[in-house]
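These are the residues of each chain, in order.
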Amino acid sequence: SSAPLQPVGAPSQFANRKLPTTMAPVAAPLKRSRAVLPLAVLGASAVLTLRALSPGLLFASPEAAASRRNVLLSAALAAAALAPAAPALAAEFPLLGKVRGPFEVDPKEAIIVGDINSADSKAAKVMINRYLTSVEEARAALDKDEQSDITTLLKPLAISEIRQATNTVNNLMDDASAAGVQRLQRLMIQEWYLIEDDIPFPLSKKGTVQLRGSERLKRCKFHLDGYTKASKEILEFVP
């Protein structure tokens, strides 16, 4: 026969029954999911609200993002252009004279630790003077005639000889003074490379020699003057 019906509101016969052990692990995740669900709904609502208020804020297209980057970059460049320029390191200051750069050394303050009267030292000084004289003669020839052929200045082993001679001067100095010599050595070699590029006369597509143009002439004079300046300064280290 069927079980008798219980009055409404009476405690159920299953109220005090414990869940089987196999169902206990399932009940805990269900409770956690019910607790997390309101938070997820709240977060989704916030995202949808922000998207409705400002569609381009969170979900900008690549074109819009690129446009904003361009605007920010333009603003930064404009601010940099309007900012006051910093004073140069080598500027002249009242009562202080010229402020030298980190690798600039006054030859008068150089400390020589090697033998300046050795045969190698004398030979290095002669070699530096020889190239200096050749450069000064080439510069004077250009002043006299802008189309002067000064390619005789170019020699196959010029850079090698300049490097060897300046290395000898460098080895005569202490570490601090050697930094100044190395700086001048780099300048001399760089200028010589540029001299080799600009001194030859230009050629046409058919191989015909052309006259030296005004811009090439300016570059030749500029690099010759640069080499002369660095060469004279390095010779001050070995008076």
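Going by the structure above, here's the rest.
Residues numbered from 1 in each chain as written. Predicted model: local features only at pLDDT ≥ 70, side-chain atom pairs only at ≥ 80, totals over all residues. Heavy atoms only, no water.

### Some words on the pattern of salt bridges
In the structure shown here, the tally under the stated rule is seven salt bridges. Here Arg 139 makes a salt bridge to Asp 143, at a shortest N to O gap of 2.4 Å. Taken together, the residues span about one helical turn, with Arg 139 and Asp 143 both in helix α4 (residues 119-144) at a distance of four residues. In this structure, the salt-bridge partner of Asp 198 is Arg 219, at a minimum N-O distance of 3.2 Å. With a gap of 21 residues between them, Asp 198 in helix α6 (residues 175-198) and Arg 219 in helix α7 (residues 214-235) connect regions that are remote in the sequence. In this structure Asp 198 comes out as buried when scored by relative accessible area, which is 8%. Since its relative accessible area comes to 36%, Arg 219 is described here as partly exposed. One network of salt bridges, with partners in common, ties together Arg 139, Asp 143, Lys 221 and Asp 225. (Salt bridge = Lys/Arg side-chain N within 4 Å of Asp/Glu carboxyl O. Helix = DSSP H or I, 4+ residues; strand = E, 2+ residues; numbered from the N terminus. Buried < 20%, exposed > 50% of the residue type's maximum accessible area, 1.4 Å probe, protein only.)

### Structural notes on the environment of Gln 190
In this fold, Gln 190 is placed in helix α6. Accessibility expressed as a relative area gives 47% for Gln 190, which makes it partly exposed. Expressed as a C-alpha distance, the spacing of Gln 190 and Ile 159, which sit 31 residues apart in the sequence, is 9.5 Å.

### Concerning the packing of α4 against α7
Their axes nearest at 10 Å, the elements α4 and α7 cross at an angle of 150 degrees. The orientation of α4 relative to α7 falls into the category roughly antiparallel. With respect to the hand of their crossing, α4 and α7 are arranged in left-handed fashion. Contact residues: α4 offers Lys 125, Ile 128, Asn 129, Tyr 131, Leu 132, Val 135, Glu 136, Ala 138, Arg 139, Leu 142 and Asp 143, while α7 offers Leu 217, Cys 220, Lys 221, Leu 224, Asp 225, Tyr 227, Thr 228, Ser 231, Lys 232, Ile 234 and Leu 235. Looking at the contact of α4 with α7 residue by residue, the classes come out as 12 nonpolar, three polar and seven charged. (Axes fitted to C-alpha atoms, helices over the stretch in contact; angles between N-to-C directions. Parallel < 35°, antiparallel > 145°, perpendicular 65-115°, else oblique. Left-handed = near helix turned anticlockwise from the far one by under 90°. Contact = heavy atoms within 4.5 Å. Nonpolar A, V, L, I, M, F, W, Y, C, P; charged D, E, K, R; others polar.)

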